[in-house]
Amino acid sequence: RSVTFTDVVVSPSGRIHVSFRGGPAKGPNTGESGWTCHSDDGGKTFTYPKAPFGKLPMRGGKEGHLRGMQLLPLGGKKLFGVASVVENMDDALPYFNEETEAIKNTQLYCFFSEDDGETFSEPKEILMQDQYRDMACVLTGPPQLLRNGDIMVNFEVYKTYYDTRPIDHTPACIFSHDGGVSWDKEITMFRSSEIY
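Residues numbered from 1 in each chain as written. Predicted model: local features only at pLDDT ≥ 70, side-chain atom pairs only at ≥ 80, totals over all residues. Heavy atoms only, no water.

Draft legend 1. Just the side chain of histidine 17, in detail. With respect to the helices, strands and loops of the structure, histidine 17 is situated in strand 2 (residues 16-23). Accessibility expressed as a relative area gives 2% for histidine 17, which makes it buried. Of note is the side chain of histidine 17, whose polar atom sits 3.1 Å from the side chain of aspartate 116. (Helix = DSSP H or I, 4+ residues; strand = E, 2+ residues; numbered from the N terminus. Buried < 20%, exposed > 50% of the residue type's maximum accessible area, 1.4 Å probe, protein only. Polar contact = N/O pair within 3.5 Å; in protein donor to acceptor, adjacent residues only side chain to side chain.)

Put into structure tokens, the structure is as follows:
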């Protein structure tokens, strides 16, 4: 079995949360999902991993699945989570299209837990408001809680699967000032075309 992109956080209760991308084999067409488990005894034992979400609705009546998830404690028993959700296209198609140098439609979704990871709210898309509205956006690391209370989410921007335009692979981030309820316009860190 494949377990990748593992992240570990500790909530105020001392509970250790582990989240990761997992599946029966490596690759996006193998039944992968976002998984989580936790420990209440300092990491000596962990709960059996669970995939809290199955198929998810995406824009335009399409369906998707999680491709990993990461958590952020917000205080008390509240957790914020973010995940990459991939559109369910033909399983025979690889995630990366070598002809167009693009990927399957992937978007960022966020969710919450009010009970220290026992249950999670239904994931909602983090809607890009500006230049990346119709691009594929892939989570690249755990969400960060900044000193001013803002949440920052880092991601990479790709073309969607059949887009034949030249690639301009881009790292970006997006901020929430209200605990993950709403999001500002995305910010470009730099463009790959500017450094290559």
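Structure's up, so let's keep going.
Draft legend 2. Representation of the sheet that holds strand 6 (residues 78-87). Across the sheet, which stays open at both edges, the 5 strands sit in the order 4-5-6-9-10 with antiparallel pairing between neighbours. Each edge of the sheet is formed by a strand with only one pairing partner; in this case those strands are strand 4 (56-57) and strand 10 (124-125). (Pairing = 2+ DSSP bridges.)

Draft legend 3. Geometry of the pairing of strand 13 (residues 151-158). For strand 13, a buried count of 7 out of 8 residues is recorded, marking the element as mostly surrounded by other parts of the structure. Sheet topology places strand 11 (residues 136-139) next to strand 13; 4 bridges connect them, and they run antiparallel. Its bridge partner lying in strand 13, alanine 136 is registered against tyrosine 158. Across 2 bridges, strand 12 (residues 144-145) lies against strand 13 in antiparallel orientation. Across the sheet, glutamine 144 pairs through a bridge with methionine 152, a residue of strand 13. Between the antiparallel neighbours strand 12 and strand 13 lie 5 residues, among them glycine 149 with a positive phi of about 95 degrees. Where strand 13 meets strand 14 (residues 170-176), 7 bridges bridge the pair, whose relative direction is antiparallel. Opposite phenylalanine 155, over in strand 14, you have alanine 172 as the bridge partner.

Draft legend 4. Main features of the pattern of salt bridges. Evaluated as defined, the whole model comprises 9 salt bridges. A salt bridge links glutamate 32 to arginine 67; its shortest N-O distance comes to 2.8 Å. Of the two residues, glutamate 32 sits in the loop between strand 2 and strand 3 (33-39) while arginine 67 sits in strand 5 (residues 63-75), which places them 35 residues apart along the sequence. Classification of arginine 67 by relative accessible area gives buried; the value is 13%. For arginine 59, the salt bridge is made with glutamate 125, and the minimal N-O distance between the two is 2.7 Å. Of this pair, arginine 59 sits in the loop between strand 4 and strand 5 while glutamate 125 is found in strand 10, placing the two residues 66 residues apart along the sequence. According to the relative accessible area criterion, glutamate 125 is buried, its value standing at 17%. Several salt bridges share partner residues, and in doing so they unite Arg15, Asp40 and Glu118 into one network. (Salt bridge = Lys/Arg side-chain N within 4 Å of Asp/Glu carboxyl O.)

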